[in-house]
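Structural overview
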Amino acid sequence: MIVSDILRLTQQEVANVLHMFDKAFSPMLSSEIDLDSYARKLSKRASFIIVTLGGHFIGFTACYVNLEQSKIYVPLIGVLPQNQRIGVGRQMLDTLKKVCCNNSINIIMLEVYKNNHKAYSFYIKNGFVKAEDRGEKWLMSLQLGTNKTGNVSYE
Ligand SMILES: CC(C)(COP(=O)(O)OP(=O)(O)OC[C@H]1O[C@@H](n2cnc3c(N)ncnc32)[C@H](O)[C@@H]1OP(=O)(O)O)[C@@H](O)C(=O)NCCC(=O)NCCS
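Now for a quick tour of the structure. Chains are numbered independently. Their residues run from 1 in the order of the written sequence. The model is predicted, so local features are restricted to residues of pLDDT at least 70 and side-chain atom pairs to those at 80 or more, both for listing and for counting; the totals for chains, interfaces and linings are taken over all residues.

1. Some thoughts on the site of the ligand
Residues in close proximity to the ligand total 20 residues, the closest being Gln84, Gly89, Arg90, Ser121 and Phe122. Strands are runs of DSSP state E lasting at least two residues, helices are runs of H or I lasting at least four, and both sets are numbered from the N terminus onward. The greatest single-element share of the shell around the ligand, amounting to 5 residues, is contributed by helix α4 (residues 117–125). Three classes are used, and their members are as follows: Ala, Val, Leu, Ile, Met, Phe, Trp, Tyr, Cys and Pro are nonpolar, Asp, Glu, Lys and Arg are charged, and the others, Gly among them, are polar. The residue inventory of the shell around the ligand, partitioned by class, reads 10 nonpolar, 6 polar and 4 charged. A residue counts as near a molecule or strand when its C-beta atom, positioned from the backbone, falls within 6 Å of it.

2. Points about the nonpolar core
Throughout this description, the term nonpolar core refers to a group of buried Ala, Val, Leu, Ile, Met, Phe, Trp, Tyr and Cys residues whose C-beta atoms join them within 7 Å. In this scheme the burial state of a residue depends on its C-beta neighbours within 10 Å: 20 or more other such atoms mean buried, 12 or fewer mean exposed, and anything in between means partly exposed; the C-beta positions come from the backbone. With 34 residues, the main nonpolar core has Phe60, Ala62, Ile72, Val74, Met92, Leu96 and Ile108 as its most contacted residues. Secondary structure elements with two or more residues in this core: α1 (11–21), α2 (35–45), β2 (47–53), β3 (56–66), β4 (71–79), α3 (88–102), β5 (107–113) and β7 (137–143). At 5 residues, α3 tops the list of elements feeding residues into this core. Distance between backbone-placed C-beta atoms decides contact: two residues are in contact if it is within 7 Å. Apart from the residues within four sequence positions on either side, isoleucine 108 is in contact with Ile72, Val74, Leu96, Cys100, Ser141 and Leu142.

3. Section: the sheet that holds β5
The pairing criterion for strands is at least two bridges between them, as found by DSSP. Spatial ordering of the open sheet is given by β1-β2-β3-β4-β5-β7-β6, a layout of 7 strands whose pairing is mixed. Edge positions in the sheet fall to β1 (2–3) and β6 (129–134), since each has one partner strand and no second. Direction of pairing for β4 relative to β5: parallel, over a ladder of 4 bridges. Residue pairing in the sheet places isoleucine 72 in a bridge with isoleucine 108 of β5.

4. Overview of the packing of α1 against α2
Simply put, an axis is a line fit to the C-alpha atoms, just over the touching stretch for a helix, and the angle between two N-to-C directions goes from 0 to 180 degrees. It is at 8 Å that the axes of α1 and α2 come closest, and there the two elements cross at 130°. What the angle tells us is that α1 and α2 run oblique. Of the two elements, α1 crosses α2, and the hand of that crossing is right-handed. Here Gln11, Val14, Ala15, Leu18 and His19 of α1 come into contact with α2, specifically with Leu35, Asp36, Tyr38, Ala39, Arg40, Leu42 and Ser43. Classifying every residue of the contact of α1 with α2 by side-chain character gives 7 nonpolar, 3 polar and 2 charged. If an angle is under 35 degrees, it is roughly parallel; if it is over 145, roughly antiparallel; if it lies from 65 to 115, roughly perpendicular; otherwise it is oblique. Here a crossing is taken to be left-handed if its near helix is turned anticlockwise relative to the far helix by less than a right angle, and right-handed if that turn runs clockwise.

Pasting the structure below:
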């Protein structure tokens, strides 16, 4: 399994990823948003972590890195169904935490549907807590620690 560093993708690359992972989400991404318009938006502002296995894409994370506010917002994280529950999601979060560490970012935020039990369990297992009730979704946050030198640490 190869986990990329954080990187930017072209609009076409983002569109390919969204189409490839559409069915991994419940509800399907395309039932809620126009994938090509969303790809345009993400390619302008978001960064990505991608995971490949044997040369095939198996997971991706999209994130907005806000250096001014020292926070990262994750709009999407997805792993192909046949590759779930083997630690791909956790490895992408670990990469995200390193990005936080390297940029003095101390909080990661995301939203999850309350009925998305797999994802909710995944976030709780990785240290996220509920930050706000947003109706059918929870806003969740992961606060990263600060060590004695004032640097952000995540262990
Ligand atoms: C949420 C998601 C990204 C987790 O990725 P993953 O690679 O499967 O997660 P990991 O293998 O790192 O972690 C496994 C943990 O996640 C949770 N989990 C993953 N799949 C699960 C399942 N089918 N049922 C229950 N819990 C599940 C559990 O807490 C599990 O720990 P456990 O195996 O000890 O019970 C993945 O399930 C996914 O892509 N889901 C569909 C897309 C989605 O809903 N994304 C989140 C909203 S944007």
